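If you want the building blocks of each chain, they are given just below.
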Amino acid sequence: MLSANRPLSPHLQIYKPQLTSVLSILHRFTGLGLTLGAAVLVAWLIAAAHGAAAFDYAQSMAGAWYGRLLLFLWAFALFFHLCNGIRHLFWDAGFGFELKTVYLSGWTVVIVSALLTLGSFIAGYWYLGAF
Amino acid sequence: MSDTRSALARTRGQGAAKEGLRHWWGQRVTALLLIPLVIWFVIGLVIHTGADHAAVTDWLSGPVTYGLMLVLLGAAFWHGALGLQAVIEDYIAGEWQKLSLVLLSRLVCLGLFVAAYVSLTIIAFAG
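Residues numbered from 1 in each chain as written. Chains lettered and ligands numbered in written order. Predicted model: local features only at pLDDT ≥ 70, side-chain atom pairs only at ≥ 80, totals over all residues.

**Brief notes about the overall build of chain B**
Broken down by element type, chain B carries five helices and zero strands. Sequence-ordered secondary structure for chain B, helices as α and strands as β, is α-α-α-α-α. Its C-alpha atoms give chain B a radius of gyration of 21 Å, more than 25% over the compact-globule value 14 Å for 127 residues. Principal-axis analysis of the C-alpha atoms places the extent of chain B at approximately 75 × 25 × 25 Å. Residue burial in chain B is summarised as follows: out of 127 residues, 20% are buried. Taking contacts inside chain B between residues at least 6 apart in sequence as the whole, the part at least 24 apart equals 70%. (Helix = DSSP H or I, 4+ residues; strand = E, 2+ residues; numbered from the N terminus. Rg over C-alpha atoms; globule rule 2.2 N^0.38 Å. Buried ≥ 20, exposed ≤ 12 C-beta atoms within 10 Å, placed from the backbone. Contact = placed C-beta atoms within 7 Å.)

**Topic: the overall build of chain A**
Per the secondary structure count, chain A includes four helices and zero strands. Across chain A, helices and strands are ordered from the amino to the carboxyl terminus as α-α-α-α. A compact globule built from 131 residues would reach a C-alpha radius of gyration of about 14 Å, whereas chain A, at 20 Å, exceeds it by more than 25%. If one aligns the C-alpha atoms of chain A with their principal axes, the spans along those axes are about 60 × 40 × 25 Å. Counting every position in chain A, which comprises 131 residues, the buried fraction comes to 21%. A separation threshold of at least 6 residues defines the contact pool for chain A, and within that pool the share at least 24 residues apart is 71%.

**What to know about the confidence of the model for chain B**
Detailed conclusions should not be drawn from predicted coordinates in areas where pLDDT is low. Overall, the predicted model of chain B reaches an average pLDDT of 93, with 98% of residues at or above 70. The complex model carries a pTM of 0.89, and its ipTM stands at 0.90. (pLDDT = per-residue confidence, 0-100.)

**Here's the deal with the interface of chain A and chain B**
With 25 residues of chain A at the contact, the number on the chain B side is 26 residues. Looking at the side of chain A that touches chain B, the elements that each hand over two or more residues are α1 (19-50), α2 (52-63), α3 (65-92) and α4 (99-127) of chain A. Top contributing element to the side of chain A that touches chain B by residue count: α1 of chain A, with 11 residues.

**A closer look at helix α2 (residues 20-47) of chain B**
All names here are of chain B. For α2, spanning 28 residues, the distance from its first C-alpha to its last is 40 Å, which sits close to the expected 40 Å at 1.5 Å a residue. The sharpest bend along α2 measures roughly 35° and falls at Leu-34, with the proline Pro-36 sitting one to four residues further on. Residues Thr-30, Ala-31 and Leu-34 constitute the buried set of α2. (Expected span 1.5 Å × (residues − 1). Bend = angle between axes of the 7 residues up to and from the residue.)

**Description of the nonpolar core**
In terms of nonpolar packing, the biggest core is built from 38 residues, with Leu-45 and Ala-48 of chain A together with Leu-73, Ala-76, Phe-77, Leu-112 and Ala-116 of chain B touching the most fellow members. Residue assignment for this core shows that the elements contributing at least two residues are α1, α2 and α3 of chain A together with α2, α3 (53-61), α4 (63-91) and α5 (95-125) of chain B. Counting residues per element, this core draws most heavily on α4 of chain B, at 10 residues. Every residue in contact with Ala-48 of chain A, bar those within four places of it in the chain, is listed here: Phe-55 of chain A together with His-53, Val-56, Thr-57, Leu-60, Ser-119 and Ile-123 of chain B. (Core = buried A, V, L, I, M, F, W, Y, C linked by C-beta atoms within 7 Å.)

**Comments concerning the environment of Gly-37 of chain A**
Residues and elements named next belong to chain A. Residue placement: Gly-37 occurs in helix α1. Among the residues examined, Gly-37 registers 20 C-beta atoms within 10 Å and is labelled buried. Once the C-alpha coordinates of Gly-37 and Thr-117 are considered, the two residues, 80 residues apart in sequence, prove to be 15 Å apart. Gly-37 has contacts with Trp-74 and Ala-77, leaving out every residue within four places of it along the chain.

**Regarding the packing of α2 of chain A against α3 of chain A**
All names here are of chain A. Close contact between α2 and α3 brings their axes to 4 Å; oriented N to C, the two are set at 75°. With respect to each other, α2 and α3 are oriented roughly perpendicular. Across the interface between the two elements, Met-61, Ala-62 and Gly-63 from α2 touch Gly-67, Arg-68 and Leu-71 from α3. Among the residues making up the contact of α2 with α3, the classes are represented as three nonpolar, two polar and one charged. (Axes fitted to C-alpha atoms, helices over the stretch in contact; angles between N-to-C directions. Parallel < 35°, antiparallel > 145°, perpendicular 65-115°, else oblique. Nonpolar A, V, L, I, M, F, W, Y, C, P; charged D, E, K, R; others polar.)

**As for the packing of α3 of chain B against α5 of chain B**
Residue and element names in this part refer to chain B. Relative to each other, α3 and α5 sit at 100°, their axes nearing to 8 Å. Taken as axis vectors, α3 and α5 run roughly perpendicular relative to one another. Of α5, the residues touching α3 (which contributes Thr-57, Leu-60 and Ser-61) are Leu-120, Ile-123 and Ala-124. Taken together, the residues of the contact of α3 with α5 break down into four nonpolar, two polar and no charged.

Below, the structure is given as structure tokens:
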């Protein structure tokens with residue numbers, strides 16, 4: 001069936017990135033990242049079950065610069081996957097397929113997930129007593 | 001190698017496994033369940049930013065938190081397992097590699113859920 005000199009259709013790298021395709025692959029990437037994040041959440045729960053010393057160690061890693069950076073990325077991944085997932089559920093129900101609506105909902109997802117990420121971090125720092 | 005079977009004989013049994021509908025609905029139902037649970041959990045985490053062991057285990061020990069955490073993690077790892085399967089099936093071509101990776105990813109998701117379940121139970125009942 002497969003022959004080496006068969007003509008191939010143009011692949012991904014030839015296309016100009018568009019909001020629709022970028023958000024589509026970002027949904028998949030954030031989903032993969034969140035599965036990894038859920039595994040780290042389980043590690044955090046295991047530390048909490050183990051005792052105060054193990055939990056303090058886990059908290060010190062979460063509070064280090066790399067911990068805060070990862071938490072920021074995971075927060076954005078979570079809010080993006082949540083918002084874009086709701087967008088997907090509307091499509092599943094048969095709504096929002098017009099090109100104008102697709103772009104409008106796409107930009108809404110980007111802006112809302114960015115605002116929720118920043119908002120949750122500002123609230124977190126406020127609970128830490130940063131201001 | 002020439003195949004002497006008829007076109008019908010060759011094509012029989014090559015159709016869909018009729019498993020897709022269950023996968024599709026499972027992904028959507030867990031997605032719907034996760035919308036309120038994830039929002040609830042993020043609020044709980046933000047409130048406990050920088051909290052010590054006593055405060056966090058006190059929060060996780062509450063009967064409502066304990067129950068909701070189990071549903072959240074059960075739905076999350078189920079949703080994650082279905083998502084990983086979709087990605088594996090899209091990018092892994094070899095049949096046995098595909099099957100092994102799907103099984104392995106399911107085993108990892110199950111194991112992580114069990115670890116979370118045991119941890120939450122220790123925190124709630126033995127802490």
